[in-house]
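Architecture and fold: a report
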Amino acid sequence: MVEYQPKGELPQYEDMTEDEIWELRRAFDILYMMIVRGQNLHDISRTASKLAERVKYPFDRRIKTLELGEEE
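Residues numbered from 1 in each chain as written. Predicted model: local features only at pLDDT ≥ 70, side-chain atom pairs only at ≥ 80, totals over all residues. Heavy atoms only, no water.

When its secondary structure is counted, the protein shows two helices and three strands. Ordered by position from the N terminus, the helices and strands of the protein form the series β-β-α-α-β. With 72 residues in all, the protein has 14% of them scored as buried. Of the accessible surface of the protein, which amounts to about 6500 Å², a share of 53% is contributed by carbon and sulfur atoms. (Helix = DSSP H or I, 4+ residues; strand = E, 2+ residues; numbered from the N terminus. Buried < 20%, exposed > 50% of the residue type's maximum accessible area, 1.4 Å probe, protein only. Areas by Shrake-Rupley, 256 points an atom, 1.4 Å probe, with all protein chains shown as cover.)

A side chain with one charge may pair with a side chain of the opposite charge, provided their charged atoms come close. Summed over the entire model, instances satisfying the criterion amount to three salt bridges. The partner of aspartate 29 in a salt bridge is arginine 26, with the nearest N and O atoms 3.2 Å apart. With aspartate 29 and arginine 26 both in helix H1 (residues 18-37) and three residues apart, this pair spans about one turn of that helix. In this structure, aspartate 43 and arginine 46 form a salt bridge, with 3.5 Å as the shortest nitrogen-oxygen distance. Residue aspartate 43 and its partner arginine 46 are both found in helix H2 (residues 41-54); the two are separated by three residues, about one turn of the helix. (Salt bridge = Lys/Arg side-chain N within 4 Å of Asp/Glu carboxyl O.)

This is the structure we're talking about:
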């Protein structure tokens with residue numbers, strides 16, 4: 001994800017690979033289907049905890065900054 005700063009600073013980005021994006025989509029899909037099917041809250045909560053470990057949540061909040069002349 002790229003975030004642009006309105007003050008004209010260099011863009012900041014977070015490095016996410018396709019595998020990480022796929023894992024997040026899969027985790028959301030699992031939770032969504034559990035909610036839609038009406039499974040009980042305890043099972044949804046337990047699954048959410050396991051999925052959080054799987055996708056390494058909470059994510060590292062450090063955002064890398066590009067230096068002048070540096071490319072991704």
